[in-house]
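# A look at the structure
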Amino acid sequence: MPAYSNRVDLAFLRQCKSQRRKFAMLTAYDHPTAVAAQAAGVHSLLVGDSMGAVILGHPNTRSVPLALMITLAEAVRRGAPDVYLVGDMPFESMSAGNEAVIRAALRFRDDAGCDAVKLETAAQHDALVAKLSRAGIETIAHLGLRPQSVLNPDGYKAQARDEGAVAELVADARRMESAGAAMLLLEAVPAEAASAVVAAVSVPVIGCGAGPACDGHVVVTHDLLGWGATRPPRFVPVLASLGETVRSAMAEYVQQIATGTYPGPEHAYSMRAAVAAS
Ligand code: KIV
């Protein structure tokens with residue numbers, strides 16, 4: 001795993017790519033997750049609009065307010081000052097036109113300390129990516145499955161599964177690179193499609209369920225930790241069962257209160273000596 005002792009920046013991630021060393025990205029929406037991720041050596045954190053579904057309980061990612069994304073990105077940056085921090089452009093801004101996206105990107109960078117913004121891009125977004133790039137904003141173009149276009153949970157389907165669709169994906173990837181995208185993110189595409197994209201562009205490509213050819217990989221942290229309310233997609237390595245750990249600790253708490261084991265003397269404050277003596 002490429003270690004980092006200084007703040008991770010785009011140059012570091014490009015170097016990982018050129019040296020064929022893979023980098024790790026996770027989502028984070030809060031301070032303690034950010035602290036743990038940086039301590040674990042995670043290179044990049046994404047304040048993803050997946051939070052709409054994961055922590056707000058909405059059926060899709062569309063109802064995430066920009067103001068909330070900025071507040072949580074600030075918390076993540078406080079917890080992980082050295083990671084490459086990415087703010088996800090919410091639907092609220094994407095649907096309000098290019099100027100709104102640029103204003104939001106500046107808030108992610110200047111208020112929250114993000115290094116980059118990620119945008120779910122279609123072919124027509126090349127002008128927007130070019131504008132962001134000219135404004136000095138590092139932009140990640142998200143291709144393949146784009147959750148902001150999916151309105152209910154069974155709409156999440158793998159993309160680019162035939163030759164024609166792979167050719168289209170490669171063309172979109174090239175267009176985004178030419179427009180100035182600093183990196184690409186491919187979600188839910190076959191390994192062959194991701195390999196074709198990696199071979200066609202020179203910027204780092206992040207995979208989210210896109211096979212081994214990608215330069216770095218991202219999954220939703222709640223899925224990785226077994227802490228989500230929904231079943232994780234098949235590409236996620238579920239490496240813990242936090243949901244079970246939390247449920248059993250809470251059940252134990254309920255039990256201790258019911259039986260009077262809690263609070264015990266070790267949880268109580270004592271009176272000051274003088275007061276106690278009087
Ligand atoms: O919002 C998000 O968490 C994402 C990742 C799943 C790539 O876009």
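Residues numbered from 1 in each chain as written. Predicted model: local features only at pLDDT ≥ 70, side-chain atom pairs only at ≥ 80, totals over all residues. Heavy atoms only, no water.

Here the focus is the sheet that holds strand β8 (residues 216–219). Pairing between sheet strands relies on hydrogen bonds along the backbone, with the strands arranged either parallel or antiparallel. Read around the barrel, eight strands follow the order β1-β2-β3-β4-β5-β6-β7-β8 and close on themselves; strand pairing throughout is parallel. Across the sheet, the axes of successive neighbouring strands diverge by a mean angle of 25 degrees, strand direction being ignored. Looking at chain direction, strand β4 (residues 116–120) and strand β5 (residues 138–144) are connected through five bridges and run parallel. Residue pairing across strands places Ala116 opposite Glu138, the latter belonging to β5. (Pairing = 2+ DSSP bridges. Helix = DSSP H or I, 4+ residues; strand = E, 2+ residues; numbered from the N terminus. Axes fitted to C-alpha atoms, helices over the stretch in contact; angles between N-to-C directions.)

With that out of the way, let us pick up the site of the ligand. Around the ligand, the structure places Thr27, Leu46, Gly48, Asp49, Ser50, Asp88, Lys118, His142, Leu185 and Cys208. A distance of 2.5 Å separates an oxygen atom of the ligand from a polar side-chain atom of Ser50. Separating an oxygen atom of the ligand from a side-chain N or O atom of Asp88 is a distance of 3.1 Å. In this structure, the ligand is accommodated by the largest pocket. Class assignment for the residues of the shell around the ligand results in three nonpolar, four polar and three charged. (Near = heavy atom within 4 Å. Polar contact = N/O pair within 3.5 Å; in protein donor to acceptor, adjacent residues only side chain to side chain. 1 Å grid on protein atoms, 1.4 Å probe; cavity = no way out; pocket = protein on both sides within 12 Å on 5 of 7 lines; lining within 4 Å. Sits in = over half its atoms within 2 Å of the grid points. Nonpolar A, V, L, I, M, F, W, Y, C, P; charged D, E, K, R; others polar.)

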